[in-house]
Protein chains: 2
Amino acid sequence: MDEPAVSAPVLRNHCQAILEALGVPPADAALVAETLVEADLRGVHSHGANLIALYVQRIRSGHIRPVTEVATVEDRGSTVLLDGGLGLGQVAGVAAVDLAVERARRHGLAGVTVRELTHLGALAFYSERAARRGVIALVLQNGPAFVPPFGGLTGIFSTNPFSYALPAATHPPVVFDIATTAVAGNKILLAKKRGDERIPEGWATDRRGRPTTSTADASIDHLQWFGGHKGYGIAFLVEVLAGVLADSSFGRTEHTASPVHGKDRVAKGACFLALDPAAFPQGESFATRLDALIDDVCSAEPAEGVARVLLPGQLEHDLRARRLAEGIPLAAATRAELARFAEELGVGPLEEGVAMGGTTDEGAGSPGERGGR
Amino acid sequence: MDEPAVSAPVLRNHCQAILEALGVPPADAALVAETLVEADLRGVHSHGANLIALYVQRIRSGHIRPVTEVATVEDRGSTVLLDGGLGLGQVAGVAAVDLAVERARRHGLAGVTVRELTHLGALAFYSERAARRGVIALVLQNGPAFVPPFGGLTGIFSTNPFSYALPAATHPPVVFDIATTAVAGNKILLAKKRGDERIPEGWATDRRGRPTTSTADASIDHLQWFGGHKGYGIAFLVEVLAGVLADSSFGRTEHTASPVHGKDRVAKGACFLALDPAAFPQGESFATRLDALIDDVCSAEPAEGVARVLLPGQLEHDLRARRLAEGIPLAAATRAELARFAEELGVGPLEEGVAMGGTTDEGAGSPGERGGR
């Protein structure tokens, strides 16, 4: 790794300080910073400290409010609709997932929908938070309208991420988190920047929608769905549960107090579905049975050239453990951005950051300690 | 089309007669026949009358019981566990989805799990049945252990199908139904039989798990997941909700009274999740909003070389309308199989079948009339 590493607590405190300097209350700033550092720990740099630039820009432009007021639009018990008030998405997201867990424990299954939510960061943070409390969670989110339907050119959907987490007994939860597009647009941008001649099949089409592996011809305005029409079907479900069901914006329909629409839309919709395994018949031993399935997967014979067979999300889980010990390699561009914001906002430099609360494994907003595997 | 067409009611009655001759009660035989003909109408021939051979063989061998007794293992209101008694899967499947709809109306969300279920046919039949009643349904099912985890060689999973259906207002429901493997094994077998030199990228690996596009090298014991690790994650969720949560067989764990295990396993597990949109805040207008999204998709500009942009499942929906009018082209092999069983069981030939109940659009077990689009 060329990039110098930074420890998780130092990076977290630095991000928190920048957010606080923008008027974000300390507890909210700590939560947002934690979600970013958790993503960096898992190797999901697109959703890590890299996002500070976006948040700074949107708070300064007024498109994200620094003080988040989460309102209950209507509470029907097993279903609740929240309004994220165009504040920081993470604050509304944690409120939503915690409520979904509470209601699933009471009703067996629960669905909390959220509108006027902004960027949530990586969804794994929320689904894992539920699974750490013994509850199965599915988290879906829509967003700006720029990805075309399968076979089309008109931007209607977002990258429509989908995440779930499943509580095991002795193993850590199985945590899955994907964009339903084949790749994020910045992977194609990166290939263009590096001057790669070819990108893999299925990543992109050209501007007229014809499949291409030519990096030069690939259009980032025409992202493709993972697995073709099958991934498109998953993305459509996300749009419906996170956008339509939440009475939020979806497709070309705008339903937001935010003035920015379409591909610039800041307001997202989200859906947090929670199932309490213990509420299902025979569910008391669900986690133990899931352990057995995890063992089946982990003991499977690997294909030639594969070191070991992995669970969904295991790569990220294992990377997190390593980075907690060795630090997070931070891209030079991200480091420079953070330094610029810190200077502008009168925050001390990253290197001088002092850990305020131990490792990121502690504190109320944390996913908690993970078992070894 | 080379194959002579048969009308849906004639094919349905013929399949029903064969099943009745094996001791299946008339109402159950009619239901199973209807699910098969519905799949043939939608072009999903792998789940159509082609399956009669499998059912005949398994009823004769005693692995499927001709008389299906669906038992309630435990009823907790919003969650129920059923036992399909190793009878015909369709009978248990319809009982499960109807119960899930009823409970979703009462509780907002509901989960009905089923164990000791046998072959369900195409899952779209059940999810659409719920959506026709105004309820969002997700249907998941696991099965015999023969598909390896991503990057592995050991058979642990089935093709783990996933289906959903969403109720619209003036449009027909959006119905999605996929195997989470890239393709069914019989697509690879067919390529081998035809002597095709190459199969598409991502369909298969060789016996050592190395990706291949050589038809000769492709192993049908090592099916690949759609979209690589992302599809694998969806398949894992199916295994957990349909197998683990239902206290059914999963992975290498057998939990069945059936004597056949592993890759020969007949008993499946299933999970029917139902969400009543009307139980969600602002949910009364859900179907109208879904109509708007459907219109956005259908009016999107098509990519070059694409006739029109489709919704998930629209291809099957449109084919069904055409085949209801023009008949179902039946493969010669399927026709020959049906003729052999009919002769062995003393059932009249297919051509002489007489429609007993109008079109398949009528009757209690039917998904009902579809709006035009």
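Residues numbered from 1 in each chain as written. Chains lettered and ligands numbered in written order. Predicted model: local features only at pLDDT ≥ 70, side-chain atom pairs only at ≥ 80, totals over all residues. Heavy atoms only, no water.

Draft legend 1. Representation of the packing of helix H7 (residues 229-244) of chain A against helix H8 (residues 286-298) of chain B in the model. Viewed as axis vectors pointing N to C, H7(A) and H8(B) meet at an angle of 140 degrees, and their least axial separation amounts to 11 Å. In terms of orientation, H7(A) and H8(B) fall into the oblique class. The way H7(A) lies across H8(B) gives a crossing that is right-handed. Within the contact between the two elements, H7(A) uses A:Tyr232, A:Phe236, A:Glu239, A:Val240 and A:Val244 and H8(B) uses B:Phe286, B:Arg289, B:Leu290, B:Leu293 and B:Val297. Here the residues of the contact of H7(A) with H8(B) are counted per class, giving eight nonpolar, no polar and two charged. (Axes fitted to C-alpha atoms, helices over the stretch in contact; angles between N-to-C directions. Helix = DSSP H or I, 4+ residues; strand = E, 2+ residues; numbered from the N terminus. Parallel < 35°, antiparallel > 145°, perpendicular 65-115°, else oblique. Left-handed = near helix turned anticlockwise from the far one by under 90°. Contact = heavy atoms within 4.5 Å. Nonpolar A, V, L, I, M, F, W, Y, C, P; charged D, E, K, R; others polar.)

Draft legend 2. Structural detail: the relation of the copies chain A and chain B. Mapping chain A onto chain B is achieved by rotating through 180 degrees and translating by 0.0 Å along the same axis, at an RMSD of 0.0 Å. On this basis, the relationship between the two copies can be described by a two-fold rotation axis. Among all C-alpha atoms of chain A, that of A:Gly227 lies closest to the rotation axis, at 1.9 Å. Looking at the interface residues of chain A, 100% of them are also at the interface in chain B, so both copies use one shared face. (Least-squares fit on C-alpha atoms with pLDDT ≥ 70 in both.)

Draft legend 3. Expanded view of the nonpolar core. The biggest cluster of nonpolar side chains holds 96 residues, and the ones touching the most others in it are A:Phe236, A:Leu290, B:Phe236 and B:Leu290. When residues no more than four places from it in sequence are discounted, the contact partners of A:Phe236 are A:Phe157, B:Tyr164, B:Leu166, B:Val174, B:Leu290, B:Leu293, B:Val297, B:Leu311 and B:Pro312. (Core = buried A, V, L, I, M, F, W, Y, C linked by side-chain atoms within 4.5 Å. Buried < 20%, exposed > 50% of the residue type's maximum accessible area, 1.4 Å probe, protein only.)

Draft legend 4. Looking closely at the pattern of salt bridges. All names here are of chain A. For the structure shown, the criterion picks out 44 salt bridges over all chains. Measuring nitrogen to oxygen at the nearest pair gives 2.8 Å for the salt bridge that ties glutamate 38 to arginine 320. Of the two residues, glutamate 38 sits in helix H2 (residues 26-41) while arginine 320 sits in helix H9 (residues 314-326), which places them 282 residues apart along the sequence. Owing to a relative accessible area of 4%, glutamate 38 belongs among the buried residues under this scheme. A salt bridge links glutamate 102 to arginine 106, with the nearest nitrogen and oxygen atoms 2.8 Å apart. Note that glutamate 102 and arginine 106 are positioned in helix H4 (residues 89-107) at a spacing of four residues, about one turn of the helix. Residue class for glutamate 102 comes out partly exposed when judged on its relative accessible area of 36%. By sharing partners, the salt bridges in this structure join Asp75, Glu102, Arg103 and Arg106 into a single network. (Salt bridge = Lys/Arg side-chain N within 4 Å of Asp/Glu carboxyl O.)

Draft legend 5. Fine view of the environment of A:Ile156. With respect to the secondary-structure elements, A:Ile156 resides in the loop between strand S5 (136-141) and strand S6 (162-166). Separated by 36 residues in sequence, A:Ile156 and A:Lys192 have C-alpha atoms that sit 25 Å apart. Here A:Ile156 is in contact with A:Ala145, A:Phe146, A:Val147, A:Pro148, A:Pro149, A:Glu239, A:Gly251, B:Leu293, B:Asp296, B:Val297 and B:Ala300, once residues within four sequence places are set aside.

Draft legend 6. Structural view of unusual backbone geometry. Positive phi is not limited to glycine here, since A:Gln282 has a value of about 65 degrees. You can see A:Gln282 is positioned in the loop between strand S10 (268-275) and helix H8 (286-298). Not every positive phi belongs to a glycine, and B:Asp247 is a case in point at roughly 55 degrees. Within the element layout of this structure, B:Asp247 appears in the loop between helix H7 (229-244) and strand S10 (268-275).

Draft legend 7. Representation of helix H10 (residues 332-345) of chain A in the model. Residues and elements named next belong to chain A. Its 14 residues give H10 an end-to-end C-alpha distance of 20 Å, which sits within 8% of 20 Å, the value for a rise of 1.5 Å per residue. Of the residues making up H10, those classed as buried are Thr334, Arg335, Leu338, Phe341 and Ala342. The buried residues of H10 all sit within an arc of 130 degrees when viewed along its axis, so they share a single face. Pointing more than 90 degrees away from the buried face of H10 are the exposed residues Ala332, Ala333 and Glu343. For H10, the elements touching its buried residues are strand S1 (5-6), helix H1 (8-21) and helix H3 (52-61). (Expected span 1.5 Å × (residues − 1). Arc of directions from axis to C-beta.)

Draft legend 8. Structural context of the interface of chain A and chain B. Each partner contributes residues to the interface: chain A has 84 residues there, and chain B has 84 residues. Where chain A meets chain B, there are eight salt bridges. One salt bridge in this structure joins A:Glu304 and B:Arg208, with 2.5 Å as the shortest N-O distance. The interface formed by chain A and chain B includes 38 residue pairs in polar contact (both at pLDDT 80 or more). Take the side of chain A that touches chain B: its biggest share by element is 12 residues, from H7(A). Broken down by class, the residue content of the side of chain A that touches chain B amounts to 50 nonpolar, 19 polar and 15 charged. (Polar contact = N/O pair within 3.5 Å; in protein donor to acceptor, adjacent residues only side chain to side chain.)

Draft legend 9. Molecular detail of the environment of B:Asp264. With respect to the element layout, B:Asp264 can be found in the loop between H7 and S10. Taking the C-alpha atoms as reference points, B:Asp264 and B:Pro144, separated by 120 residues in sequence, lie 6.1 Å from one another.

Draft legend 10. The arrangement of the sheet that holds strand S4 (residues 109-117) of chain A in detail. Residues and elements named next belong to chain A. An order of S2-S3-S4-S10-S5-S6-S7 is seen for the seven strands of this open sheet, with the pairing classed as mixed. Edge positions in the sheet fall to strand S2 (71-75) and strand S7 (174-178), since each has one partner strand and no second. Between one strand axis and the next, the sheet turns by 15 degrees as a mean value, whatever way the strands run. Sheet topology note: the S6/S7 ladder contains five bridges and is antiparallel. (Pairing = 2+ DSSP bridges.)

Draft legend 11. A look at the sheet that holds strand S3 (residues 79-83) of chain B. All names here are of chain B. Judged by pairing direction, the sheet is mixed, and its seven strands sit side by side in the order S2-S3-S4-S10-S5-S6-S7 without closing on themselves. Strand pairing shows two members of the sheet lacking a second neighbour, strand S2 (71-75) and strand S7 (174-178), which therefore form its edges. When strand polarity is set aside, the average angle formed by the axes of neighbouring strands in this sheet is 15 degrees. Both strand S5 (residues 136-141) and S10 contribute to a ladder of six bridges, which runs antiparallel. Within S10, the residue paired with alanine 137 across the bridge is alanine 274. Seen against the sheet, helix H4 (residues 89-107) touches S2, S3, strand S4 (109-117) and S10 and runs at an angle of roughly 165 degrees to S4.

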